[in-house]
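Here is how the chains run, residue by residue.
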Amino acid sequence: MDSFLIRGGNRLKGKIEISGSKNSALPILAACLLAEGKTTLHSVPRLSDIDSMNKLMGELGCHIYRHESADSRVNGPALNGPLDITVTDESKIEARYDIVKTMRASICVLGPLLAKRGKGVVSIPGGCNIGDRPVDLHVRGLQKLGAEFHTENGNIVGEVRGRLKGCRMYLGGAQGPTVLGTINVMCAAALAEGETVIVGAACEPEVTDCAQMLIKMGAKISGHGTPEIKIEGVDKLTGCEHRIIPDRIECGTFMIAAAITNGELELKHCNLDHLVAVVDRLEEVGVNIARENGTIFVNSSRRLTPVEMTTQPYPGFPTDCQAQLMALLCLADGISVITERIFPDRFLHVGELNRMGGRIRKEGPTAIIQGVKDLHGAPVMASDLRASAALVLAGLVAKGQTRIDRVYHIDRGYEKIEQKLAAVGADIERVKEAKAAA
Ligand code: EPU
């Protein structure tokens, strides 16, 4: 298990290239199960979650090949060539617990398996450290298309008699729309008989990205990016070529890295249109953000103003940037309030930030953050992907050394984060367990 050692206090300055979106690439890979022939995906980030999804796709009868062409979209010598996915065996239908437990996005193979192979078995994802994450809406949406389900040995077993049939359905839940649930049902409906209308669909850019790839494969989809998606089922989808959108959460994280270190960063290959709510909150805090084509320039005024923020479905402030904003607000001049509406228990970073000198109090789904003058380095524990990112940000500005253990969490979703940060002046190093403990 690797750790990060960060000696805080350096102002970050320079350019960082944003990778392709993890949360777009994962369901898009699953959607490749729907197509005949080869699909080529560009800008698939090199992450452990992507490795897990590739492994699952391999077990489901796909041949995966990563081209070794150097791609300048990541700093350093990383090889990030396109990924070819070809379905070669349609007899496999099971996503095993060993893979599902490490990556919940595995549930996204269920819709494609049912639509294309008539049967799908996916292990029920268990508990998750950002809170309860049921998959009832995925199952309900697929049931409405005619799939039948039962559970067996901890698995969801789905079957289709004949072909899925399109219908009009409401897919919202108590916490609002579901991103991966919308994608799962949209993928299944693409090969269903007749028209499906998903009302209460998620509007996140990752849903739109997947819809755009399906359209290239021959699907008839409209309304993606709005709460009502219309899908006219087709008989067949064919492999295509597609570039994954830039990772808006990685981009938001580096914007906050510039702000928290009072630095100046140029973030390349981003889509600021996907980050309107994040920009709104950061500007309120006192961060300066300018855009020129696909590049974002970020720097910060020394005084950080406290703000209130509530996470919401897109286009609201994303839950996946909540922890990172909290790290920044620890240093604001006054009291900030953050309310988490998507995953009300997603606050494991609070205790760790407090170990670094933060003054945060949690009350139900709300955190009250009393700004402090300085954070101090400390040994802390990464607990989930975005919580880990918050600890890295805090470590960049903390006085002294911060050791973050269990950084495998961060490797799930940030491509070479330590290399990207070191290239713009951060003092950060990846160490193996023994050295970290020394
Ligand atoms: N929900 C249900 N039933 C369901 C599905 C969801 O009640 O069947 C609830 C969830 O518990 C939550 C809300 O609906 O309260 C929204 O969850 P959603 O389904 O939208 O989350 P997801 O699709 O499973 C994706 C991202 C998450 C991100 C959320 C919200 C991927 C692989 N994951 O998860 O990303 O936080 O959308 O935007 O795309 C991350 O990258 O760190 C991460 C956790």
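This write-up is about the structure you can find in this document.

Criteria and thresholds
- Per chain, residues are indexed from 1 in the order of the written sequence.
- Owing to the predicted nature of the model, reporting of local features is limited to residues with pLDDT of at least 70; listing and counting of side-chain atom pairs is limited to 80 or more, with chain, interface and lining totals taken over all residues.
- To get the side-chain values, all heavy atoms of the structure are used, and hydrogens and water are removed first.
- Whenever Lys or Arg places a side-chain nitrogen within 4 Å of a carboxyl oxygen from Asp or Glu, that contact is recorded as a salt bridge.
- The numbering of helices and of strands both runs from the N terminus, where a helix is a DSSP run of H or I of at least 4 residues and a strand a run of E of at least 2.
- When accessible area is computed with a 1.4 Å probe and restricted to protein chains, residues below 20% of their type maximum are described as buried, those above 50% as exposed, and intermediate ones as partly exposed.
- At least two bridges found by DSSP between two strands is the condition for calling them paired.
- Contact criterion: two residues are considered in contact whenever any of their non-hydrogen atoms come within 4.5 Å of each other.
- Only the contacting stretch of a helix is used when fitting its axis, a line to C-alpha atoms as for every element, and angles between N-to-C directions run 0 to 180 degrees.
- Neighbouring residues are identified by heavy atoms, a residue being near a molecule or strand if any of them is within 4 Å of it.
- Here a polar contact is recorded for every N or O atom pair within 3.5 Å, except that within protein the pair must consist of a potential hydrogen donor and a potential acceptor, and residues adjacent in sequence are included only if both atoms are side-chain atoms.
- For the accessible areas, the method is Shrake-Rupley and the probe is 1.4 Å, while residue cover comes only from the protein chains on display.
- Classes in brief: Ala, Val, Leu, Ile, Met, Phe, Trp, Tyr, Cys and Pro nonpolar; Asp, Glu, Lys and Arg charged; the others, Gly included, polar.

1. Some remarks on the pattern of salt bridges
And step 1. As enumerated under the stated definition, the model contains 31 salt bridges in all.
And step 2. The closest approach of N and O atoms between Asp2 and Lys432, which form a salt bridge, is 3.0 Å. Of this pair, Asp2 sits in the segment before β1 (3-7) while Lys432 sits in the loop between β26 (427-431) and α15 (433-437); the two residues are 430 residues apart in sequence, bridging distant segments of the chain.
And step 3. Owing to a relative accessible area of 17%, Asp2 belongs among the buried residues under this scheme.
And step 4. For Lys432, a relative accessible area of 57% corresponds to the exposed category.
And step 5. Of the charged contacts in the structure, one is a salt bridge between Asp280 and Arg281, with a shortest N-O distance of 3.1 Å.
And step 6. Classification of Asp280 as partly exposed rests on a relative accessible area of 41%.
And step 7. One salt-bridge network, held together by shared partners, links Asp2, Asp411, Glu418, Arg430 and Lys432.

2. Re the sheet that holds strand β7 (residues 94-95)
And step 1. In spatial order, the strands read β7-β8-β10-β9; together these four strands make up an open sheet with mixed pairing. Here the strands that pair on one side only, and so sit at the sheet edges, are β7 and β9 (148-152).
And step 2. As defined by bridge partners, β7 adjoins strand β8 (residues 119-123) across two bridges and the pair is classed as parallel. The partner of Ala95 across the bridge, within β8, is Val122.
And step 3. Those strands touched by helix α4 (residues 110-117) are β8, β9 and β10 (155-159), and its axis lies near 160° from that of β8.

3. Quick look at the site of the ligand
And step 1. Residues in close proximity to the ligand total 23 residues, the closest being Asp136, Leu137, Thr178, Asp320 and Ile342.
And step 2. Within the side chain of Asp136, an N or O atom sits 2.7 Å from a nitrogen atom of the ligand.
And step 3. Measuring from an oxygen atom of the ligand, one finds a side-chain N or O atom of Thr178 at 2.6 Å.
And step 4. Its free accessible area being 830 Å², the ligand has 89% of it covered by the protein chains.
And step 5. Contributions of two or more residues to the shell around the ligand are made by α1 (22-31), α5 (136-144), α6 (179-190) and α12 (385-397).
And step 6. Sorting elements by how many residues they give to the shell around the ligand places α5 first, with three residues.
And step 7. Looking at the shell around the ligand residue by residue, the class counts come to eleven nonpolar, five polar and seven charged.

Nothing here speaks to function; it is all geometry.
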